[in-house]
Amino acid sequence: MPTESKGIQLDHQVILDLVDQQSSVLDLGCGTGDLLYLLIKEKKVSGQGIEIDDQAIYKCVAKGLNVFHGDIDSGLAEFSDKSFDYVVLNQSMQQILHVDKVLTDALRVGKKVIVGFPNFAYYKSRLQMFFQGRSPVTASLPYQWYETPNLHFLSISDFKDYCRVKKINIERSVCIGERRKIPFLPNLFGQTGIFLISK
Amino acid sequence: MIKEKINPANSVGVVKTQSFTFESLKLESGEKFGPVTLAYETYGVLNKEKSNAVLIVHALSGDAHAAGVHEGSNDLGWWDSFIGPGKAFDTEKYFVICSNILGGCKGSTGPSSINPKTNKPYALDFPLISINDIVNAQRHLITHLGIEKLLSVVGGSMGGQQVLSWLANHADIIHSAIPIATTIKHSPQQIAFNEVGRQAIMADAHWKSGNYYDGPFPLKGLAVARMIGHITYMSDSSMAEKFGRQKKGGAEPFKFTADFEVEGYLRYRGDNFVKRFDANSYLYITKAMDNFDASGGRPFSEVLRGIKAKVMVISFKSDWLYPAYQSKEIVKACKLAGIATTYCEIDSNYGHDAFLLEVEEETHLIKHFLKKIFYAYEVTGAYGE
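Parameters and conventions
Residues numbered from 1 in each chain as written. Chains lettered and ligands numbered in written order. Predicted model: local features only at pLDDT ≥ 70, side-chain atom pairs only at ≥ 80, totals over all residues. Helix = DSSP H or I, 4+ residues; strand = E, 2+ residues; numbered from the N terminus. Buried ≥ 20, exposed ≤ 12 C-beta atoms within 10 Å, placed from the backbone. Contact = placed C-beta atoms within 7 Å. Rg over C-alpha atoms; globule rule 2.2 N^0.38 Å. Pairing = 2+ DSSP bridges. Domains from an automatic or database assignment. Nonpolar A, V, L, I, M, F, W, Y, C, P; charged D, E, K, R; others polar. pLDDT = per-residue confidence, 0-100. Axes fitted to C-alpha atoms, helices over the stretch in contact; angles between N-to-C directions. Parallel < 35°, antiparallel > 145°, perpendicular 65-115°, else oblique. Left-handed = near helix turned anticlockwise from the far one by under 90°. Core = buried A, V, L, I, M, F, W, Y, C linked by C-beta atoms within 7 Å. Right-handed = clockwise from strand over helix to strand, strands pointing away.

When you go through chain B residue by residue, the secondary structure sums to eleven helices and 16 strands. When its C-alpha atoms are laid out on the principal axes, chain B stretches across 70 × 50 × 50 Å. Looking at the 385 residues of chain B, the share that counts as buried comes to 51%. In chain B, of all internal contacts separated by at least 6 residues, the share reaching a separation of at least 24 is 70%.

Turning next to the overall build of chain A. Along its length, chain A carries eight helices and seven strands. The C-alpha atoms of chain A give a radius of gyration of 16 Å, which matches the 16 Å a tight globule of 199 residues would have. Expressed as lengths along the three principal axes of its C-alpha atoms, the size of chain A is roughly 45 × 35 × 35 Å. By the burial criterion, 44% of the 199 residues in chain A qualify as buried. Within chain A, counting contacts between residues at least 6 apart in sequence, those at least 24 apart form 60% of the total.

Right, let's get into the pairing of strand 13 (residues 152-156) of chain B. All names here are of chain B. Extensive coverage of strand 13 is indicated by the burial of five of its five residues. With burial as the criterion, each face of strand 13 is covered, one bearing Ser 152, Val 154 and Gly 156 and the other bearing Val 153 and Gly 155. As paired elements, strand 6 (residues 53-57) and strand 13 share three bridges and run parallel to each other. Within strand 13, the residue paired with Ile 56 across the bridge is Val 154.

The subject of this paragraph is the domain arrangement of chain B. How large an interface is tends to be reported as the accessible area lost when its parts come together. Residue and element names in this part refer to chain B. Its domain assignment divides chain B into domain 1 (14-186 + 293-375) and domain 2 (191-288). Averaged C-alpha coordinates put domain 1 and domain 2 at centres separated by 25 Å. Taken together, the contact between domain 1 and domain 2 spans 26 residues of the former and 21 residues of the latter. For the side of domain 1 that touches domain 2, a count of residues per class yields 14 nonpolar, eleven polar and one charged.

Before going further, it helps to examine the interface of chain A and chain B. Counting from both sides, the interface comprises 19 residues of chain A and, opposite them, 23 residues of chain B. For the side of chain A that touches chain B, the secondary-structure elements that each account for two or more residues are helix 2 (34-43), helix 3 (54-63) and strand 3 (67-69) of chain A. Looking at the side of chain A that touches chain B element by element, the count peaks at six residues for helix 3 of chain A. The residue inventory of the side of chain A that touches chain B, partitioned by class, reads ten nonpolar, five polar and four charged.

What follows concerns the confidence of the model for chain B. For chain B, per-residue confidence averages 94 on the pLDDT scale, and 96% of positions sit at 70 or higher. Across the whole predicted complex the pTM is 0.93, and at the interface the ipTM reaches 0.88.

Before going further, it helps to spend a moment on the packing of helix 3 (residues 188-203) of chain B against helix 4 (residues 219-233) of chain B. All names here are of chain B. Their axes nearest at 7 Å, the elements helix 3 and helix 4 cross at an angle of 165 degrees. With respect to their mutual orientation, helix 3 and helix 4 come out roughly antiparallel. Note that helix 3 runs across helix 4; the crossing there is right-handed. Between helix 3 and helix 4, the residues in contact are Phe 193, Val 196, Gly 197, Ala 200, Ile 201, Met 202 and Ala 203 and Gly 221, Leu 222, Val 224, Ala 225, Ile 228, Gly 229 and Thr 232, respectively. Of the residues assigned to the contact of helix 3 with helix 4, the class counts are ten nonpolar, four polar and no charged.

Turning to the nonpolar core, a few remarks are in order. Residues and elements named next belong to chain B. Counting residues in each nonpolar core, the largest one holds 161 residues, and the members touching the most others are Val 54, Ile 56 and Val 96. Per element, the largest residue contribution to this core is seven residues, and it comes from helix 7 (residues 279-291). Taken domain by domain, the makeup of this core includes at least three residues from each of domain 1 (14-186 + 293-375) and domain 2 (191-288). The residues touching Ile 56, leaving out its near neighbours within four places in the chain, are Ala 66, Trp 79, Val 96, Ile 97, Cys 98, Val 154 and Gly 155.

A few words on the environment of Asp 278 of chain B. Residues and elements named next belong to chain B. Locating Asp 278 in the fold gives a position in the loop between helix 6 (261-276) and helix 7. Assessed through the 24 C-beta atoms surrounding it within 10 Å, Asp 278 is described here as buried. Separated by 173 residues in sequence, Asp 278 and Cys 105 place their C-alpha atoms 6.1 Å apart. For Asp 278, the residues in contact, after removing those within four places along its chain, are Cys 105, Gly 110, Pro 111 and Ser 112.

Moving on, we get to the packing of helix 3 of chain B against helix 7 of chain B. All names here are of chain B. Running from N to C, helix 3 and helix 7 cross one another at 160 degrees; their axes reach a closest spacing of 10 Å. Looking at the two axes, helix 3 sits roughly antiparallel to helix 7. Classified by chirality, the crossing of helix 7 by helix 3 is left-handed. The residues of helix 7 that touch helix 3, namely those facing Ile 191, Asn 194, Gly 197, Arg 198 and Ile 201, are Ala 279, Tyr 282, Leu 283, Thr 286, Met 289 and Asp 290. Partitioned by chemical class, the residues of the contact of helix 3 with helix 7 number six nonpolar, three polar and two charged.

Residue and element names in this part refer to chain B. Counted residue by residue, strand 14 (residues 176-180) has five buried out of five residues, so it is predominantly covered. Burial of the side chains of strand 14 extends over both faces: Ser 176, Ile 178 and Ile 180 are buried on one face and Ala 177 and Pro 179 on the other. Bridging between strand 13 and strand 14 involves four bridges; their strand directions are parallel. Of the residues in strand 14, the one forming a bridge with Gly 156 is Ile 180. For the crossover from strand 13 across helix 2 (residues 158-169) to strand 14, the handedness is right-handed.

We now examine the environment of Met 239 of chain B. Residues and elements named next belong to chain B. By secondary structure assignment, the location of Met 239 is in helix 5 (residues 236-243). In this structure, the C-alpha to C-alpha distance between Met 239 and Asn 349, residues 110 residues apart in sequence, is 9.6 Å. Setting aside residues up to four positions removed in sequence, Met 239 forms contacts with Met 234 and Val 262.

Turning our eyes to something else, we now look at unusual backbone geometry. Between Gly 34 of chain B and Pro 35 of chain B the backbone carries a cis peptide bond, its omega angle lying at -10 degrees. Take Pro 35 of chain B: it is sitting in the loop between strand 4 (32-33) and strand 5 (36-43). A cis geometry characterises the amide bond from Gly 215 of chain B onward to Pro 216 of chain B, with omega recorded as -10 degrees. Within the secondary structure, Pro 216 of chain B is located in the loop between helix 3 and helix 4. With a phi close to 50 degrees, Lys 82 of chain A is a non-glycine residue in the positive phi region. Within the secondary structure, Lys 82 of chain A sits in the loop between helix 4 (72-75) and strand 4 (84-90). For Lys 82 of chain A, a count of 11 C-beta atoms within 10 Å corresponds to the exposed category. The backbone of Lys 167 of chain A shows a phi angle near 55 degrees, a positive value even though the residue is not glycine. Tracing the sequence through the fold places Lys 167 of chain A in the loop between helix 7 (156-165) and strand 6 (169-176). In this structure Lys 167 of chain A comes out as exposed when scored by C-beta crowding, with 7 C-beta atoms within 10 Å.

Quick look at the structure:
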């Protein structure tokens, strides 16, 4: 089981534990490349990132990463089937315009797909909605409604439903709070859901 | 003598163009052509392992003088801001080579060179050459310099076409390639602009089917060709920023003089260009660019399959002559071929000229990419970064 390394974000640690040694990883929306960097250093994966923000690209290149400048919605189509062992969408899925299309494509391009997303049904969100009548602002959903990059708001249960309807296998699912994994009532107490799925 | 313009801390200083001649080159057309001379410059020192050599390939009007100054001159090389101690191509670390292309007119064999059979300039007896021929000639030079494998081949625009030719045909002897603001093959629009340039030259009465070397030269035609070129190298917004609708002082009304700043600029550029460039070279080289297809008719991804070299593709947002979609085509082929690739579209206003001007962003990308190739690491950290 995972060894808690110091300084590694919890979601990154969870994903690190899901990925096999020396596999190949495509990170969609890799940002400044911290996760990809970690996967290459710790798991010796061969990694490729896709990122829309040019300043983030410069940081990726400084780390030595291979990264494409482009958007996720159009970036996947050009890869052939099963080009990667894993396609990762960590904290990027909820910002994609056509999620269903991208996930379908990600499951084509990758043998397995790892998604990590903020849980909209986290109990603090529910409390804010219920008692304050306001759209929730939490640690994993830190934006005001008028400035959020998130296009989709889903819960852990929503995602499980989606996988069932689309006949996607959930191989592993891990829900995390601020500091630890949440084994109990994840849709209520989990801030972030991380799923390993395959078709 | 080093002039004021030179900053000794990061300049390669005074340099000299050298030349290398070899017997013959088998052209893509099947013809054997020779002898071939290439003018070239080098900066930095080739290390003992001969593993630090970077080849810089130039664009249409470029030459071997990429960095530093020549003795008694103030003119910096065309990519001086990228080549020197601490710069993108750090000459403390890398051995940088830049050669003038076959077909050129700056010391390499081209249409204005003397044909040894006739003792007159080749003019249109010069064979039709291709980008692949240009690259094959460079390969002779690289061998001559004792280099078995290049750390990288880098170039923008037509230089980028040469980079793609290296990648498609000589990938086994390069560790990496950086094609900048370029394309697998020219679009009809790119061919069209080149054709207008060629027509301007050929419409000049002094061109005389290329036989003008005993003078006068088709300077007007060549200047117009260059003016068209310069329009395509800039963007709408960079022109607006640089010239606005500013009028020049002293222009006479209704005489079709250069009223606007932009007109004066184009005329100045055109007039300057003819002092240093040969009209026939312009014809031959633009044809080579138009005819080039790095994929050789196959999907480019198939050409690239199995290649070990790493690739970094760079494009610029406002470049409408070599638009970003063309660079993305290269990236797409790399993706399909499974090549480790980095792609960045730099946010720039300068149009196609950006590859010469966006020093900071390009330097960042090139510096880190080259370092990774040179030290053969996957990510930083292994070398105390």
